[in-house]
Amino acid sequence: MRGALGGPRVLLRRLREVMAEPVSAQERLDKVVVLIAANMVAEVCSVYVLRVDGTLELYATEGLKREAVHQTVLRQDEGLVGLVASEAQPVNLSEAQTHPAFSYRPETGEEIYHSFLGVPILRAGNTLGVLVVQNRARRTYSEEEEEALQTTAMVLAEMIASGELLSIAKPGAEPAIRPRLHLTGQALSDGIALGHVVLHEPRVTVKDVIADDVPKELKRLDEAIATLRADLDLMLERGEVADGGEHRDVLDAYRMFAHDKGWLRRLREAVMTGLTAEAGVERVQSDNRARMLRVTDPYLRDRLHDLDDLGNRLMRQLMGQDHAPPREQLPDSAILVARSMGPAALLDYDRRKLRGLILEEGGPNSHVAIVARALGIAAVGEIENISGLVDPGDAVIVDGATGDIHIRPPSDIESAYSERVKLRARRQAQYRALRDKPCVTKDGESIALMINAGLLVDLPHLSETGAGGIGLFRTELQFMIATEMPRISEQLALYRAVLDSAGDRPVTFRTLDIGGDKVLPYMRAEVEENPALGWRAIRLGLDRPGLMRSQIRALLQAAASRELKVMFPMVATVAEFDEAKGMIERELTSLRRRRHKLPDRVEVGVMVEVPSLLFQLDELMPKVDFLSVGSNDLAQFLYASDRGNRRVADRFDPISAPMLRALKMIAEKARAAGKPVALCGELASKPIGALALVGLGYRALSLTPSALGPVKAMLLELDAKKAEAAVVPLLETASPSPNIRERLESFAASEGLPL
Ligand code: PEP
Ligand code: MG
């Protein structure tokens, strides 16, 4: 390193001596800044520490006025120091005073220094403070000097994280080692959970930062990399999927990075500055994480995440740690925290102890979100750097309804949430009391309430909710959470288990609805411009009949001597329905020929979710045994508004004239044709939606299991005729009401309906 006396290795060795001295925290810090200033040939070296109130306090300085220590406090966005902290990256300037972010604090006597180099003090991606060197001369600090200062900052990070500075901190303005945080992400699964953090992939924290023997550390690094590469090769060779459902693409990316010369060079350089091998890996990872925060391109971000994962693997390799979390030691009320996670990994945890889930990634349609909903675990996704922000055992609250999370919450927030949990529990008890009551409106209309399901873990909901059956069994979920294509025997076993546990209650199976956003990790998907409008569901089933035929066979065999109800998703034309139904008939004939036991009755239905079907209902009715409206997709296609895109998903209200008119037409035509019709989209899972649907003539609804109680409580108080009188005129007038939802809400209020 040019300009530095003895280079970073010497500095690190000296720092280690200082760290071991039996002196007070302040004395230690004072010695540290003197050492760094001397080593870097800087006139100033200062340490600013980030406090719990979000400000940066000057904790030690060599060169600035000593009176400023513990007096100068900057906002996190104030001055160049604030810039380093908020951007979590170095700022290197030969003339600091002309920089727009420069802010002058007279008590420091800073005005005589022109060049400035500040680096963030980072630990596991969190900024703990800022380390600064300054010189009078207008000089440019070299890249090596910048690197060396970052390495030195790691030692300070360990010192701050150890809690040593708490002894010299002002009460209420302690270092923000473990700050309270309130963050908002994407609500994935409803529910409120209070509990303690369990890291899905335990973070490796490096304790020994400074190397005793650099060549030895380099050798350790090389060996760990070689083992890492060999492990990856083996996994790829065996076609094995790694933890968390990582699939081949990810492993391929890992292997590519594991051989990336730039990455390897940076690792070796970090170790050569005098760090231990693991501290070197962490050092390079810090840079990578800082980059990750700045990159907005989703593909690049994914790759940087892959690189971060690879760094974690390497670190575990170096520290001899297995990456399997100790599942048997799960505390009661565990809140699982992960960057990303496969559905199978979630199912591996003890359900009884798991309360909540927080993910760095994961949209509402991610497989893990689907499983969390099925398990009734409150979940929130898209919380940036969550695994870096928490420590195992931290208290945390997950609000799966709003997407809020509170880390280390203050006691008033905690008690407010505890109250809400109690309130919910009381409501659940009230709903449970309604379980065995027939669902009949005040004016005597029976409404069939069923549940949506798709996994074995959903089946207990049938008896818990007292539902009349399963109105939508999403068969693709078994495929989505598997790591390889489920064999026909596995499909058969699932369908049989479903029918067994449903007993006399009807189950409507939907054939595979894959493609679009429902990707199977083991099936190479074509990249499509518009996957929601692409090669999916019945389209894929008809073009690749092998898969659908074997599914139909499994369904027919599972329902031997019982009734089977099957429906097809995403049907856009009558011809598609004919073709699909023809496949069922052919399979029936083939099974009959081979003397298999057949179902007593097979009913074949259609999902109404593509708007083109609205204009083919007359031709369709005579051919189908029943209809089920998929209001999620129907609304998506009717309004041309991607249901998974947060920017537009809530832009159009399904409780509005165009959608309700379409729904009314379907109900009327079905009634005229004498065909049963149900609605199985999310609309039915909200009391206000169910109210509108009953008003439009729907008498069968299939809901998310947790919605059954609230919807039933509302229906028991409802007069169906009055609901019809409330909703239909809003659609029939020449100028339909622009605010149907509000009108229905006031109707509900005047009727005293619980919404
Ligand atoms: C729907 O589209 O409304 C539906 C029930 O199907 P899915 O949500 O599985 O697409
Ligand atoms: Mg659908």
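Residues numbered from 1 in each chain as written. Chains lettered and ligands numbered in written order. Predicted model: local features only at pLDDT ≥ 70, side-chain atom pairs only at ≥ 80, totals over all residues. Heavy atoms only, no water.

Points about the domain arrangement of the chain
Okay, step 1: Under the domain assignment, the chain is made up of domain 1 (7–168), domain 2 (181–202 + 332–420), domain 3 (214–319) and domain 4 (437–751).
Okay, step 2: The straight-line distance from the C-alpha centre of domain 1 to that of domain 4 is 61 Å. (Domains from an automatic or database assignment.)

Considering the pattern of salt bridges
Okay, step 1: Inspection of every chain in the model, using the stated rule, returns 49 salt bridges.
Okay, step 2: Salt-bridge contacts for Arg138 lead to Glu95; the nearest nitrogen and oxygen are separated by 2.7 Å. On the criterion of sequence distance, the pair formed by Arg138 in the loop between β6 (126–135) and α4 (143–161) and Glu95 in the loop between β4 (91–93) and β5 (115–123) is long-range, its members being 43 residues apart.
Okay, step 3: According to the relative accessible area criterion, Glu95 is buried, its value standing at 18%.
Okay, step 4: One continuous salt-bridge network, built from bridges that share partners, spans Glu476, Arg510, Asp513, Arg536, Asp633 and Arg643. (Salt bridge = Lys/Arg side-chain N within 4 Å of Asp/Glu carboxyl O. Helix = DSSP H or I, 4+ residues; strand = E, 2+ residues; numbered from the N terminus. Buried < 20%, exposed > 50% of the residue type's maximum accessible area, 1.4 Å probe, protein only.)

Considering the packing of helix α23 (residues 657–673) against helix α26 (residues 720–732)
Helices that pack against each other are described as a pair by the angle of their axes relative to one another and the distance between those axes.
Okay, step 1: In the contact formed by α23 and α26, the axes pass within 10 Å of each other and the chain directions differ by 110 degrees. Accordingly, the angle class assigned to the pair α23 and α26 is roughly perpendicular. Note on packing geometry: the crossing formed by α23 with α26 is left-handed. Within the contact between the two elements, α23 uses Ala657, Leu660, Arg661 and Lys664 and α26 uses Val727, Val728, Leu731 and Glu732.
Okay, step 2: Within the contact of α23 with α26, the residues separate by chemical class into 5 nonpolar, no polar and 3 charged. (Axes fitted to C-alpha atoms, helices over the stretch in contact; angles between N-to-C directions. Parallel < 35°, antiparallel > 145°, perpendicular 65-115°, else oblique. Left-handed = near helix turned anticlockwise from the far one by under 90°. Contact = heavy atoms within 4.5 Å. Nonpolar A, V, L, I, M, F, W, Y, C, P; charged D, E, K, R; others polar.)

Here's the deal with the site of ligand 1
Okay, step 1: Inspection of the region around ligand 1 gives 14 residues, with Arg474, Arg510, Gly630, Asn632 and Arg643 positioned closest.
Okay, step 2: Taking Arg510, its side chain carries an N or O atom lying 2.8 Å from an oxygen atom of ligand 1.
Okay, step 3: At 3.4 Å from an oxygen atom of ligand 1 is found a main-chain nitrogen or oxygen belonging to Gly630.
Okay, step 4: For ligand 1, whose free accessible area comes to 290 Å², the fraction covered by protein is 99%.
Okay, step 5: Here ligand 1 occupies the second largest cavity.
Okay, step 6: The set of elements that each furnish at least two residues to the shell around ligand 1 consists of β16 (470–474) and α21 (631–638).
Okay, step 7: Residue contributions to the shell around ligand 1 peak at 3 residues, all from α21.
Okay, step 8: Partitioning the shell around ligand 1 into residue classes produces 3 nonpolar, 4 polar and 7 charged. (Near = heavy atom within 4 Å. Polar contact = N/O pair within 3.5 Å; in protein donor to acceptor, adjacent residues only side chain to side chain. Areas by Shrake-Rupley, 256 points an atom, 1.4 Å probe, with all protein chains shown as cover. 1 Å grid on protein atoms, 1.4 Å probe; cavity = no way out; pocket = protein on both sides within 12 Å on 5 of 7 lines; lining within 4 Å. Sits in = over half its atoms within 2 Å of the grid points.)

What about the coordination of the magnesium ion (ligand 2)?
Okay, step 1: For the magnesium ion (ligand 2), the protein coordination sphere consists of Glu609 (OE) and Asp633 (OD), at 2.0 to 2.2 Å. Residue Glu609 is located in the loop between β19 (601–608) and α20 (617–620), and its partner Asp633 is located in helix α21; the two are separated by 24 residues in the primary sequence.
Okay, step 2: In this structure Asp633 comes out as buried when scored by relative accessible area, which is 4%. (Donors = N, O, S within 2.8 Å, 3.2 Å for Na, K, Ca; no water.)

Quick notes on helix α3 (residues 79–87)
Okay, step 1: Turning to α3, its buried residues are Gly79, Leu80, Val81, Gly82, Val84 and Ala85.
Okay, step 2: Turning to α3, the residues buried within the fold contact β1 (44–50), β2 (56–62), β3 (73–74), β4, β5 and β6.
Okay, step 3: Note on α3: the residue one or two positions beyond its end, Ala88, has a positive phi of about 50 degrees.

Focus: the pairing of strand β22 (residues 700–703)
Okay, step 1: Side chains Ala700 and Ser702 project from β22 onto one buried face, and the interleaved Leu701 and Leu703 project onto a second face that is buried too.
Okay, step 2: In terms of strand pairing, strand β15 (residues 448–453) meets β22 through 4 bridges, oriented parallel. Across the sheet, the residue bridging to Met450 is Ser702, located in β22. (Pairing = 2+ DSSP bridges.)

Focus on the sheet that holds strand β10 (residues 334–338)
Okay, step 1: Spatially, 8 strands are ordered β7-β14-β13-β9-β10-β11-β12-β8 in an open sheet, and the strand pairing comes out mixed. The sheet terminates laterally at β7 (181–184) and β8 (186–189), the two strands that pair on one side only. Taken over all neighbouring pairs, the strand axes of this sheet differ in orientation by 30 degrees on average, direction set aside.
Okay, step 2: Bridging between β7 and strand β14 (residues 404–407) involves 4 bridges; their strand directions are antiparallel. Within the sheet, the bridge partner assigned to Leu183 lies in β14 and is Ile405.
Okay, step 3: Contacting β9 (192–199), β13 (395–399) and β14, helix α13 (residues 411–434) crosses the sheet at an angle of about 120 degrees to β9.

Describing the sheet that holds β2
Okay, step 1: Read from one edge of the open sheet, 6 strands run β3-β2-β1-β6-β5-β4, paired in antiparallel fashion. With one partner strand each, in any of the chains shown, β3 and β4 form the two edges of the open sheet.
Okay, step 2: Here β4 runs beside β5; their pairing, made up of 3 bridges, is antiparallel. Bridge assignment links Leu93 to a residue of β5, and that residue is Phe116.

Here's the deal with empty space enclosed by the protein
Okay, step 1: Considering all chains together, one arrives at 6 cavities of 30 Å³ or more under this definition.
Okay, step 2: Approximately 110 Å³ is the volume found for the largest cavity.
Okay, step 3: For the largest cavity, the lining is made up of 13 residues, of which Leu74, Leu80, Val81, Ser103 and Glu110 are closest to its centre.
Okay, step 4: For the lining of the largest cavity, the element with the highest residue contribution is α3, accounting for 3 residues.
Okay, step 5: Approximately 80 Å³ is the volume attributed to the second largest cavity.
Okay, step 6: Considering the residues around the second largest cavity, the lining is formed by 14 residues, among which Arg474, Arg510, Glu609, Asn632 and Arg643 are closest to the centre.
Okay, step 7: For the lining of the second largest cavity, the element with the most residues is α21, which contributes 3 residues.
Okay, step 8: Here the lining of the second largest cavity is built from residues that sort into 3 nonpolar, 4 polar and 7 charged. (Points joined across faces, edges and corners; volume = space filled by probe spheres on them.)

Brief notes about the packing of helix α24 (residues 687–695) against α26
Okay, step 1: Here α24 crosses α26 at 90 degrees, and the two axes come no closer than 7 Å. Put simply, α24 runs roughly perpendicular to α26. Contacts from Leu691, Ala692, Val694 and Gly695 of α24 reach α26 at Ala720, Ala723, Glu724, Val727 and Val728.
Okay, step 2: Per-class residue counts for the contact of α24 with α26 are 7 nonpolar, 1 polar and 1 charged.

Points about the nonpolar core
Okay, step 1: By size, the foremost hydrophobic cluster in this structure holds 130 residues, and its most contacted members are Leu346, Leu663 and Tyr698.
Okay, step 2: It is α23 that contributes the most residues to this core, 8 residues altogether.
Okay, step 3: Residues within four places of Leu663 in sequence aside, it is in contact with Val629, Leu634, Leu679, Leu683, Leu693, Leu696 and Tyr698. (Core = buried A, V, L, I, M, F, W, Y, C linked by side-chain atoms within 4.5 Å.)

Focus: the pairing of strand β20 (residues 626–629)
Where a strand is regular, its side chains alternate between the two sheet faces.
Okay, step 1: Of the two faces of β20, both are covered, the one formed by Phe626 and Ser628 as well as the one formed by Leu627 and Val629.
Okay, step 2: As paired strands, β19 and β20 are joined by 4 bridges and run parallel to one another. Of the residues in β20, the one forming a bridge with Val606 is Leu627.
Okay, step 3: Here β20 runs beside strand β21 (residues 677–679); their pairing, made up of 3 bridges, is parallel. Bridge pairing links Leu627 to Val677 in β21.

With respect to the side chain of Gln26
Okay, step 1: Mapped onto the elements, Gln26 comes out in helix α2 (residues 25–39).
Okay, step 2: Among the residues examined, Gln26 registers a relative accessible area of 16% and is labelled buried.
Okay, step 3: Of the polar contacts made by the side chain of Gln26, one reaches the backbone oxygen of Tyr59; its length is 2.9 Å.
Okay, step 4: Contacts of Gln26, omitting those with residues within four sequence positions, involve Tyr59, Ala60, Val69, His70 and Ile168.

A short note on unusual backbone geometry
Okay, step 1: If you check the backbone angles, Ala88 has positive phi at about 50 degrees while not being a glycine.
Okay, step 2: Among the structural elements, Ala88 can be located in the loop between α3 and β4.
Okay, step 3: Among the residues examined, Ala88 registers a relative accessible area of 9% and is labelled buried.
Okay, step 4: Although it is not a glycine, Ala640 sits at a positive phi angle of roughly 50 degrees.

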